[in-house]
Each structure stands twice: as structure tokens, then as C-alpha cells.
Amino acid sequence: MSPTGPAGKDQIPIPAATMERMPRYLMQLYRFKTAGIDQVSSQMLGDSLRVKDTQIRKDLSYFGVFGKARYGYNIDFLIDAVEKILGLNHKYRVAIVGFGRIGRALAHYHGSDCHNFCVQLIFDTDPAVIGEAVGAVRVESMDQLERRIAEQPVDIAVLTVPEEVAVEVADRLVQAGVRAIYNFTAAELHRYRDVFIENAQIAYGMYKLAHRIAGHWPRKR
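A brief structural summary. Computed from a predicted structure; not experimentally measured.

What counts and what doesn't
Residues numbered from 1 in each chain as written. Predicted model: local features only at pLDDT ≥ 70, side-chain atom pairs only at ≥ 80, totals over all residues. Heavy atoms only, no water. Pairing = 2+ DSSP bridges. Helix = DSSP H or I, 4+ residues; strand = E, 2+ residues; numbered from the N terminus. Contact = heavy atoms within 4.5 Å. Axes fitted to C-alpha atoms, helices over the stretch in contact; angles between N-to-C directions. Parallel < 35°, antiparallel > 145°, perpendicular 65-115°, else oblique. Nonpolar A, V, L, I, M, F, W, Y, C, P; charged D, E, K, R; others polar.

### Some words on the sheet that holds strand 5 (residues 133-134)
Spatially, 5-6-4-3-7-8-9 is the arrangement adopted by the seven strands of the open sheet, whose pairing is mixed. Strands at the two margins of the open sheet, each flanked by one partner only, are strand 5 and strand 9 (196-199). Note that strand 3 (residues 92-97) and strand 7 (residues 156-159) share four bridges and pair parallel. The residue of strand 7 that forms the bridge with Val-97 is Leu-159. Along the sheet, helix 7 (residues 163-175) contacts strand 3, strand 7 and strand 8 (180-183); its crossing angle with strand 7, the most-contacted strand, is approximately 170°.

What follows is the structure in C-alpha cells.
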């Protein structure tokens, strides 16, 4: 399903590349805000991200966000607009499935800031970690996954289990009613209809970098 333009207008498919850039815009706007900047132009934002200012204006125009020619955008207004575009004007309930190194790091990261993504369930199969607490949330047995999600529905499941069981666990999550999975495994989870999958496999990025530098061999010493 493609994102669409502003309500009340003809539905305009938003390019995937535009949606990929939106989080970058938001993170840079947060940096500007922290630095005390209260007015930002597309040129200023573009220079900081190495994105053409015309591209930024085009991306924002899909959503009916327009700045003044000379003055740009009030930064609070623009942050609010981009947060709404990304759906960050809501809180999302998160389950972390797999409490290994990645799962543990994510649990502690989000456990310290419940602004948009609140970890409310954590699961693992290892008796040594079951019962361990991250803030107010305790690690529970995978045997309880379906029952606990029925009791405390979640919006997003973060999958950090071993690859060989990832599809089986994803099947259980989907059957339990989860409709968005952040997949940190190398497993291909493309078998589900009406389920949003975001892949975060580190190896993919490394392969892309390898491809880019391959043309520069032999190595400089």
C-alpha cells in the first residue's frame, strides 16, 4: 500500500524514495532545534544532508507543506508536520521477541524513552533471562506469546530470534494479530498479506558497501 497525499485532495502515490528521506529530514530538524535554530530553509536543510533543496521542497509538497520563499519554515511547524507525516503523533506499543544482544540493546534503548515507541512485552526461550526486568517490563517465556499479546495487543513486533526459527515465530506473531514486524534476522518474511515488514539486516548494508568499493581495488597501501 502506497502512502498518499494530503486529505481532501486527489490521492497521490508518494514515491518510496520520498518516504525514505523523511526520517533523515526529521532527525536533522531535531539537531537544528537542539542548536537553538528556530527558522530553517530548504537550502539549509539540503546542505546539511547533501540533498537538493528543490528535492526537499518537492518531497514536502506531496503532503501540502509549503514554506515562504524568503523565510523558509518555522522549525516547530516543520517538525510537527514531518512527525505527522511519519505517524509520530501517536504512541506505538512494541513487543521484542528475542532477548539476545540485539534484543537486549533495543529493549534498554526504548525502555529509556517511551515518547513514541513503548516496549510493553519481551519474550525469549532462555530460562536464564526469563524474569529479567527492563524497567517495568519483564522477559516472558515464548510459550506465553499468544496469550500475552491477546491481553496486551501490540502494534509492532521486533524480531531478533535466530534465523532458523524466524519464520515460525513470525507466523505466530501474525496469527496473534501483529500487523507490523521489524525484522532483524536474515529470514525472508514476504509471505504475509496486509503485514508491514521492515528489514534491518546489517549484512545487506555491508554487501552494498562492498559493491561500491569493489571498483577501487587493488587496495591502496
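### Things to note about the packing of helix 1 (residues 16-34) against helix 2 (residues 42-49)
Packing of helix 1 against helix 2 leaves a shortest axis separation of 10 Å and a crossing angle of 105°. Overall, the two elements helix 1 and helix 2 adopt an arrangement that is roughly perpendicular. Judged by residue contacts, Arg-24, Tyr-25, Gln-28, Leu-29 and Phe-32 of helix 1 engage Met-44, Leu-45, Ser-48 and Leu-49 from helix 2. Partitioning the contact of helix 1 with helix 2 into residue classes produces six nonpolar, two polar and one charged.

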